[in-house]
Amino acid sequence: MVGWETHFFFMEKENELRQLIEEYFTESEYKIIEFVFRGEKGTKVLEIFVDNKNGINIDEITKINKDLSGLIDEKLVLNDVSNLVVSSPGAERPLKFLWQLHKHTGRILELELNDGEKAEGKLTGISEEGEGRITLEIAVKEKGKKNSFTEREINFRDIKEFKVKISFSKK
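What you see is a predicted model, and the numbers here were worked out from it, not measured in a lab.

A. The arrangement of helix H2 (residues 58-75) in detail. Taking 1.5 Å per residue, 18 residues should reach 26 Å; H2 reaches 26 Å between its end C-alpha atoms and fits that length. If you check which residues of H2 are buried, you get Ile61, Ile64, Leu68, Leu71 and Ile72. The buried residues of H2 all sit within an arc of 100° when viewed along its axis, so they share a single face. Residues of H2 that are exposed and point over 90 degrees away from its buried face: Ile58, Asp59, Lys63, Lys66, Asp73 and Glu74. For H2, the N-terminal capping position is held by Asn57, with its side-chain oxygen 3.0 Å away from the main-chain nitrogen of Asp59.

Have a look at this one:
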């Protein structure tokens, strides 16, 4: 039974920590993308991925990390979390929110839709009306012909996962 009580105690501390961090961001232009707890008691690391509509730089991340560390030290006793890491989501992580796309207009997105269909195209439009929609310019390849392009509107709720495609080719 002690194991369950200990587990419950740590879950409660994690919830307090999450709530404290969420309160910090309520008055901020930055948004939490994801919380990741990893490791074991005593060596547990909390990673917080944050972003905003215009992107985030290293100086902003450093300030947020310092602010949160001070806030946590002041408000909570956390013996089981040994390290706090604040980071931007990075290019390899899927995007999660429609507002994250604004800074990627003109870039190529890779999408997986809820029905399993995959799509790739240049992001040409974002509408936040209703549940939101994006517009992609998709290349239509026909053998022996120059590519033509078609526009496709996709409801945001129909997207399972989306990433910005990283390209190293010169245009």
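B. Region of the structure containing the pairing of strand S2 (residues 44-51). Buried residues dominate S2, accounting for eight of its eight residues. Going residue by residue along S2, you find Lys44, Leu46, Ile48 and Val50 tucked away on one face and Val45, Glu47, Phe49 and Asp51 tucked away on the opposite face as well. In this sheet, S2 lies alongside strand S1 (residues 31-38) in antiparallel orientation, the contact comprising seven bridges. Looking at the pairing, Glu34 lines up with Phe49 of S2.

C. Molecular detail of the confidence of the model for the protein chain. The predicted model of the protein chain has a mean per-residue pLDDT of 84, with 88% of residues at 70 or higher. For the protein chain, helix H1 (residues 2-26) is the element with the lowest average pLDDT, namely 71, and strand S5 (residues 118-127) is the one with the highest, namely 93. Residue range residues 1-9 is modelled with pLDDT below 50. Its contacts to residues more than four positions away, or to other chains, number zero contacts.

D. The arrangement of the sheet that holds strand S8 (residues 159-164) in detail. Strand order in the open sheet formed by five strands is S7-S6-S5-S4-S8, with antiparallel pairing between adjacent strands. Only two strands of the sheet have a single partner each, and these edge strands are strand S7 (148-155) and S8. Between one strand and the next, the sheet's axes are offset by a mean angle of 40°, whatever the strand orientation.

Rules behind the numbers
- Residues numbered from 1 in each chain as written.
- Predicted model: local features only at pLDDT ≥ 70, side-chain atom pairs only at ≥ 80, totals over all residues.
- Heavy atoms only, no water.
- Helix = DSSP H or I, 4+ residues; strand = E, 2+ residues; numbered from the N terminus.
- Expected span 1.5 Å × (residues − 1).
- Buried < 20%, exposed > 50% of the residue type's maximum accessible area, 1.4 Å probe, protein only.
- Arc of directions from axis to C-beta.
- Polar contact = N/O pair within 3.5 Å; in protein donor to acceptor, adjacent residues only side chain to side chain.
- Pairing = 2+ DSSP bridges.
- pLDDT = per-residue confidence, 0-100.
- Contact = heavy atoms within 4.5 Å.
- Axes fitted to C-alpha atoms, helices over the stretch in contact; angles between N-to-C directions.

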